[in-house]
Amino acid sequence: AKIIYTLTDEAPMLATYSFLPVIEAFASTAGVEVETRDISLGGRIIAAFDDLLPEDQRVGDALGELGQLATTPEANIIKLPNISASVPQLKAAIAELQAQGYALPAYPDEPRTDEEKDARARYDSVKGSAVNPVLREGNSDRRAPAAVKNYARRHPHSMGAWSPDSKTQVATMGKDDFRSNEQSVVLPAADTLTIRLVTDAGTTVLKDGLKVLEGEVVDATVMRAAALDAFLAEQVARAKADGVLFSVHLKATMMKVSDPIIFGHVVRAFLPEVFSRYGAELAAAGLSANNGLGSILDGLDALPEGTREEVRAAIEAGLADGPKLAMVNSDKGITNLHVPSDVIVDASMPAMIRTSGHMWGPDGEEADTLAVIPDSSYAGVYQAVIDDCREHGAYDPTTMGSVPNVGLMAQKAEEYGSHDKTFEISEAGRVEVVNSAGDVLMSHDVQPGDIWRACQTKDAPIRDWVKLAVTRARASKTPAVFWLDSERAHDRNLIAKVETYLAEHDTEGLDLQVLSPVEAAKLSVERIRKGEDTISVTGNVLRDYNTDLFPILELGTSAKMLSVVPLMNGGGLFETGAGGSAPKHVQQLVQENYLRWDSLGEFLALAESLRHMATTTDNARAALLGETLDKATERLLNENKGPARKVGQIDNRGSHFYLALFWAHELAQQTQDAALAEAFRQVSQTLTEQEDTINGELLGVQGHPADIGGYYRPDEAKASAVMRPSKTFNEALAALR
Ligand code: AKG
């Protein structure tokens, strides 16, 4: 019986160098093995080219292996946040690996030869959100544990005040978009579908061999490029007229085919002159608006000398002429349009709502914002929350209720599986989804540039999701709302299935209802203000949005959530730190040897993983380890031993020390297992006695640059040395094994 702990990227990966030895030492006392698998961006890139690299550089397909494991009852996986790489990030990682001696090809922007096409396909398999969908063989249960919620109530994070005069608004298309054009069918039997584009000139197969199961929901929809452009031009003008910041909020990482295309439309809409005059030159130089303004500015050298400065000047003039842009980093001049993956809707909108409805302007000051979310499927949720804040003011973390989530996520449900069925249409015609008998199930007229996509949602995951919702509503005695929109074709099919599957359960005494996302958001925030909890039972996208939105308002971060994925075949996946992998934290570590990452999510996930181990393998010691770990975590919160922010204070490593101290103490004190108590007596005593020495050793290294030997693929020995600077602590842990 073993726990798989994932090695990922950036701050969580660095924290792992410090925390994993603690886990291994403690778990060994219960006979629980802990193994690691490297699913970092660097590791995944190397794995994608394994067959072309020398033997000693090969790493094997760890992610594929875990994806397989996730379908088995043995799975017990702790998954830390990883990089979902945009093209600029992917290129940076490739460059680093090449410098480390990996003979990887360059990322081909415009693949022409077969070799380039092969390289591009391999890189595309690593791009964007390429990890989570592979592992998520179950639906998601995310909530703030009581200890975390209580801590937030006692130590409220800052919340920017809202003014009734705020001009912050969400702008969304509402027509000609994915929501309004959706068609949806439920497959009566397993089948194989084909997606084809029918034009005057003939028929092109966009995708064939698309296997579907009985009861599967398949949708198709299209976003109209012309309508998108008209909408965006209007919003640019509107932001300027209203004197508010212009910002766009997409999810280019997860929606890795559609959203970079939409992002490109936004960049072009903001700089129409640049693209009407120099569009052809930029395209010839391989510079695409889809990769953001930053990559265009960085790539201007590829243009002929004369044009280069003209384009730069035109971009500057365009930026000066438009509305003020929301900034990612105003000191460095990085705008909302620089990098497609810098502003991710699920995190950026709650951050804005928490900050008085403001984003940062080019002058480094906060200001009201026009938040452009082109597709209207979910945009209304944010508008509902904004309206609520404008009317009633900011939420109060000391009294507000909670919105846990039960999310339909298994087997790439809904939009999360659409990437291989998303097409930027090249010619006017009709896109049809056809079954094996030749019947056209869905059909859309399309024009060049339209973004057409299909999504699949399998029946077994839907049934499991309904069951999880009932289980959570019952266990937590909390009302649950299915956020489903009877005006959407897909959601109508889901509502029918929800009704069918609810009938399989005892729902006596439960408060369950179905509301549109906007109505559900209104009800949830109304209840939140009264201190009442409401479970949001949502599809995959709203799962992602809501599990950032509400935690950021309630707890100041989504990284403190417990995120359990009961896998459909009996295993467990425990996700941590939904707040991203924190590049800024790495910069701080490298500059001043201080790691601000809070591993709280890992502590919570580990306790769940141990409990899962206990029940699946009948291991009472694992249960005890989990229980005592939760107590230690609660004490850590109460005594404020989480990482602070600045040199000279406790950081990630220090918090791991205190966790180990408190955990050992709990284990030494418990009376259920005398031998285990005895095993921890010594280490508990040592850590208690050596507290000052260990703190001295941990704090002593801070304040100087640290060398970890790489960003995407650090040197193991160097990173471990940086992350484990206390000899006394290391020795105390070693004594446990
Ligand atoms: C999501 O579930 O949508 C996430 O944001 C997870 C991060 C990712 O996989 O990109």
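Described in the following lines is the structure provided in the data block. It should be emphasised that the depicted structure is a prediction, and the values quoted were computed from it without experimental measurement. (Residues numbered from 1 in each chain as written. Predicted model: local features only at pLDDT ≥ 70, side-chain atom pairs only at ≥ 80, totals over all residues. Heavy atoms only, no water.)

Across its full length, the chain holds 26 helices and 24 strands. Relative to the 2.2 N^0.38 estimate, which gives 27 Å for 737 residues, the radius of gyration of the chain is 26 Å and therefore close to what a compact globule would have. Principal-axis analysis of the C-alpha atoms places the extent of the chain at approximately 80 × 65 × 60 Å. Taking all 737 residues of the chain together, the buried fraction comes to 58%. In the chain, 78% of the contacts between residues at least 6 apart in sequence involve partners at least 24 apart. (Helix = DSSP H or I, 4+ residues; strand = E, 2+ residues; numbered from the N terminus. Rg over C-alpha atoms; globule rule 2.2 N^0.38 Å. Buried < 20%, exposed > 50% of the residue type's maximum accessible area, 1.4 Å probe, protein only. Contact = heavy atoms within 4.5 Å.)

Bringing the layout of surface pockets into the picture now. A volume near 1,200 Å³ is recorded for the second largest pocket. Around the second largest pocket, the lining is made up of 42 residues, and of these D124, K127, K256, V257 and H419 lie nearest the centre. Among the secondary structure elements, those contributing two or more residues to the lining of the second largest pocket are α5 (114–126), α6 (132–135), α9 (258–270) and β16 (422–424). (1 Å grid on protein atoms, 1.4 Å probe; cavity = no way out; pocket = protein on both sides within 12 Å on 5 of 7 lines; lining within 4 Å. Points joined across faces, edges and corners; volume = space filled by probe spheres on them.)

A few words now on the site of the ligand. Around the ligand, the surrounding shell consists of S84, S129, N132, R136, K251, M254, Y416, R543 and D544. Side-chain polar atom of K251 to an oxygen atom of the ligand: 2.5 Å apart, as the coordinates give it. Across the complex, the protein chains shield 84% of the 290 Å² of accessible surface that the ligand would expose by itself. Along the lines of polarity and charge, the residues of the shell around the ligand split into 2 nonpolar, 3 polar and 4 charged. (Near = heavy atom within 4 Å. Polar contact = N/O pair within 3.5 Å; in protein donor to acceptor, adjacent residues only side chain to side chain. Areas by Shrake-Rupley, 256 points an atom, 1.4 Å probe, with all protein chains shown as cover. Nonpolar A, V, L, I, M, F, W, Y, C, P; charged D, E, K, R; others polar.)

Attention now goes to unusual backbone geometry. In this model, Q411 sits at a positive phi of 55 degrees, which is unusual for a non-glycine residue. One can find Q411 in the loop between β15 (405–407) and β16. A positive phi angle, near 55 degrees, is found at N640, a position not held by glycine. Along the chain, the position of N640 falls in the loop between α21 (620–638) and α22 (652–669).

Within the structure shown, the criterion is met by 46 salt bridges. The salt bridge partner of R136 is E575, with a shortest N-O separation of 2.7 Å. One end of the pair, R136, is in the loop between α6 and β4 (140–143); the other, E575, is in strand β24 (residues 572–575), with 439 residues separating them in the sequence. According to the relative accessible area criterion, R136 is buried, its value standing at 6%. On the basis of relative accessibility, which here comes to 6%, the residue E575 falls in the buried class. Within this structure, K2, E35, R37 and E65 form a network of salt bridges that share partners. (Salt bridge = Lys/Arg side-chain N within 4 Å of Asp/Glu carboxyl O.)

The biggest cluster of nonpolar side chains holds 60 residues, and the ones touching the most others in it are F26, L606, W663, F680 and L687. Of all the elements, α22 adds the most residues to this core, at 10 residues. Not counting residues within four places of it along the chain, the set of residues in contact with F26 comprises L625, A660, W663, A664, L667, F680, L733 and L736. Membership of the second largest hydrophobic core comes to 40 residues, among which are A171, L228, V236 and L325. (Core = buried A, V, L, I, M, F, W, Y, C linked by side-chain atoms within 4.5 Å.)

Moving on: helix α8 (residues 225–242). A rise of 1.5 Å per residue sets the reference length of α8, with its 18 residues, at 26 Å; its end C-alpha atoms lie 25 Å apart and thus fit the reference within 8%. When we look at burial in α8, the residues that qualify are A225, A227, L228, F231, L232, Q235, V236 and A239. In the core, the buried residues of α8 are packed alongside β5 (169–171), β9 (217–223), β10 (245–248), α9 and β14 (366–372). Looking one or two residues past α8, G243 carries a phi angle of roughly 65 degrees, positive in sign. (Expected span 1.5 Å × (residues − 1).)

Because an α-helix packs 3.6 residues into every turn, residues spaced three or four apart end up facing the same way. When the terminal C-alpha atoms of helix α20 (residues 600–617) are compared, their 26 Å separation across 18 residues agrees well with the 26 Å that a helix rising 1.5 Å per residue should span. Along α20, 14 of the 18 residues are buried, which leaves the element largely enclosed by surrounding structure.

With that settled, the discussion passes to empty space enclosed by the protein. In this approach the atoms are scanned with a rolling probe the size of a water molecule, which exposes any empty space left behind. Enumeration according to the criterion identifies 6 cavities of 30 Å³ or more in this entry. When its volume is computed, the largest cavity comes out at roughly 260 Å³. Lining the second largest cavity are 13 residues, and of these Y378, W483, R488, D491 and G539 sit closest to its centre. Here the lining of the second largest cavity gets 3 residues from one element, more than from any other, and that element is helix α18 (residues 540–555).

The next point concerns the environment of G572. Assignment of secondary structure puts G572 in strand β24. Residues G572 and K332 lie 240 residues apart in sequence; the distance between their C-alpha atoms is 42 Å. Excluding its chain neighbours within four sequence positions, the residues that come into contact with G572 are A75, N76, I77, V565, L567 and H612.

With respect to the secondary-structure elements, D388 resides in helix α14 (residues 379–392). Among all residues touching D388, those that are not within four sequence positions of it are G393, Y395, V525 and R529.

What follows covers the sheet that holds strand β19 (residues 451–457). Here we have 4 strands laid out as an open sheet, ordered β6-β9-β19-β16, and antiparallel in their pairing. Since the sheet does not close on itself, it has two edges, and those belong to β6 (183–186) and β16, each with one partner. The sheet shows a mean angle of 10 degrees between the axes of neighbouring strands, direction not considered. Taken together, the 7 bridges between β9 and β19 define a ladder with antiparallel strand orientation. Of the residues in β19, the one forming a bridge with A220 is A454. Sheet contacts for α9: β9, β16 and β19; angle to β19, the most-contacted strand, approximately 150 degrees. (Pairing = 2+ DSSP bridges. Axes fitted to C-alpha atoms, helices over the stretch in contact; angles between N-to-C directions.)

What follows deals with the packing of α20 against α22. Relative orientation of the contacting elements α20 and α22 amounts to 35 degrees, with a least axis distance of 13 Å. When α20 is examined against α22, the residues F603, L606 and L610 are found in contact with a partner set consisting of S655, H656, L659 and W663. When the residues that make up the contact of α20 with α22 are grouped by side-chain class, the tally is 5 nonpolar, 2 polar and no charged.

Below, the discussion takes up the packing of aromatic side chains. Under the counting rule described, the total for this entry stands at 14 aromatic pairs. Centre to centre, the rings of Y711 and Y712 are 4.9 Å apart; their planes meet at 70 degrees, and the pair counts as edge-to-face. Residue Y711 is classed as partly exposed on the basis of its relative accessible area of 25%. Given the relative accessible area of 11%, Y712 is considered buried. By the ring-pair criterion, three or more aromatic residues cluster together here, those being F657, Y658, F662 and F729. Above the ring of F178, the side-chain terminus of R453 is found at 3.9 Å from the ring centroid. For K641, the ring lying beneath its charged end belongs to Y658, and the centroid distance is 4.6 Å. (Phe/Tyr/Trp six-rings, centres within 6.5 Å; stacked < 30°, edge-to-face > 60°. Lys NZ or Arg CZ within 6 Å of the ring centre and 35° of its normal.)

Further remarks concern the packing of helix α13 (residues 345–354) against α14. For any two helices packed against each other, one specifies the crossing angle of their axes together with the interaxial distance. At a closest axis distance of 11 Å, the pairing of α13 and α14 adopts a crossing angle of 10 degrees. One element, α13, and the other, α14, form an angle in the roughly parallel class. Contacts between α13 and α14 pair V345, D346, M349, P350, M352 and I353 from the former with Y382, V385, I386 and C389 from the latter. Of the residues in the contact of α13 with α14, the class split is 9 nonpolar, no polar and 1 charged. (Parallel < 35°, antiparallel > 145°, perpendicular 65-115°, else oblique.)

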